[in-house]
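Secondary and tertiary structure notes
Below, each chain spelled out in residue letters.
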Amino acid sequence: ANAPSSPKVAPPEVIIISSGDENDSSKRQVGRTQKAAAMKRLTSSVSKAVDNVELGRLVGEFIQVLRSNSSKFMTKEGFAFLDSLEGQLVDPDVFVVDSMQQKAPATRSADPLQGMRKQASHAETIKFLRQRMTSNQALGNSQVGALLGAFTKALRKGAARTVTTDGFAFLVGLEASLQRT
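The present account deals with the structure reproduced in this document. (Residues numbered from 1 in each chain as written. Predicted model: local features only at pLDDT ≥ 70, side-chain atom pairs only at ≥ 80, totals over all residues. Heavy atoms only, no water.)

1. Topic: the overall build of the protein
Helices and strands together make up the secondary structure of the protein, namely six helices and zero strands. Going from the N terminus to the C terminus, the protein shows its helices and strands as α-α-α-α-α-α. Relative to its full complement of 181 residues, the protein shows a buried share of 36%. Residue pairs at least 24 apart in sequence account for 71% of intrachain contacts in the protein once pairs closer than 6 positions are excluded. (Helix = DSSP H or I, 4+ residues; strand = E, 2+ residues; numbered from the N terminus. Buried < 20%, exposed > 50% of the residue type's maximum accessible area, 1.4 Å probe, protein only. Contact = heavy atoms within 4.5 Å.)

Rendered as structure tokens:
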């Protein structure tokens with residue numbers, strides 16, 4: 001009993017079209033690792049800074065690291081940098097101040113959010129802080145540190161923890177403020 005033989009059908013040819021980036025997830029991981037390493041290096045450099053100009057340079061590098069990565073998400077290493085920088089600015093004994101150097105005038109209130117409505121969103125808070133940081137008002141280190149602390153707190157409380165355009169403007173203003181002193 002011969003069974004009728006059926007013709008053999010070749011399997012369909014599969015063509016895969018790709019961009020050549022077969023390991024996108026591994027490339028993202030490398031980017032995250034490089035970003036984290038750069039942030040850790042910057043954080044350790046903050047405590048070694050000898051003056052505000054050096055701190056301003058580190059803030060500039062911090063901004064570059066944030067902008068070089070497609071994700072503007074603030075990582076724990078980024079928060080560690082901001083916390084370390086705030087600590088340097090708030091502690092008056094960190095730098096030896098030349099007695100001939102003029103101190104910035106004190107403001108009426110140490111509260112960096114003075115004049116801000118109580119129930120402001122995190123985005124509104126960051127915008128308000130950006131305006132305070134980028135004003136032409138001379139600020140002392142403790143005042144800049146208080147603004148930075150409020151900025152970091154607003155970033156932590158924000159749902160996305162992403163550095164927005166206003167956030168970058170605040171950081172650029174911070175860099176400029178430190179470079180001036």
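2. Remarks on the nonpolar core
One broad rule of soluble globular proteins: the nonpolar side chains tend to lie buried together. Within the largest apolar cluster, 35 residues are counted, with the highest numbers of intra-cluster contacts made by Phe62, Phe81, Leu82, Leu85, Phe151, Leu171 and Leu174. Residues contacting Leu82, with those up to four places away along its chain left out, are Phe62, Met74, Leu148, Phe151, Thr152, Leu155 and Leu171. (Core = buried A, V, L, I, M, F, W, Y, C linked by side-chain atoms within 4.5 Å.)

3. Some words on helix 2 (residues 52-68)
When the terminal C-alpha atoms of helix 2 are compared, their 24 Å separation across 17 residues agrees well with the 24 Å that a helix rising 1.5 Å per residue should span. Among the residues of helix 2, the N-terminal cap falls to Asp51, whose side-chain oxygen and the backbone nitrogen of Val53 are separated by 3.3 Å. (Expected span 1.5 Å × (residues − 1). Polar contact = N/O pair within 3.5 Å; in protein donor to acceptor, adjacent residues only side chain to side chain.)

4. Re the side chain of Gln143
Inspection of the secondary structure assignment puts Gln143 in helix 5 (residues 141-157). Polar side-chain contacts of Gln143 include one of 2.4 Å to the backbone nitrogen of Gly140.

5. A few points about the environment of Ser45
Structurally, the position occupied by Ser45 is in helix 1 (residues 24-46). In the structure, Ser45 is positioned 40 residues away from Leu85 in sequence and 9.7 Å away in space, judged by C-alpha atoms. From its side chain, Ser45 meets the backbone oxygen of Arg41 in a polar contact 3.0 Å long.

6. Looking at the pattern of salt bridges
The tally for this structure, following the rule as stated, stands at five salt bridges. Across the pair Glu61 and Arg57 runs a salt bridge whose closest N-O atoms are separated by 2.0 Å. Of the two residues, Glu61 and Arg57 both sit in helix 2, four residues apart, roughly one turn of that helix. Close ionic contact of Arg156 with Asp83 constitutes a salt bridge, the shortest N to O distance being 2.6 Å. One end of the pair, Arg156, is in helix 5; the other, Asp83, is in helix 3 (residues 76-90), with 73 residues separating them in the sequence. Residue class for Arg156 comes out partly exposed when judged on its relative accessible area of 35%. (Salt bridge = Lys/Arg side-chain N within 4 Å of Asp/Glu carboxyl O.)

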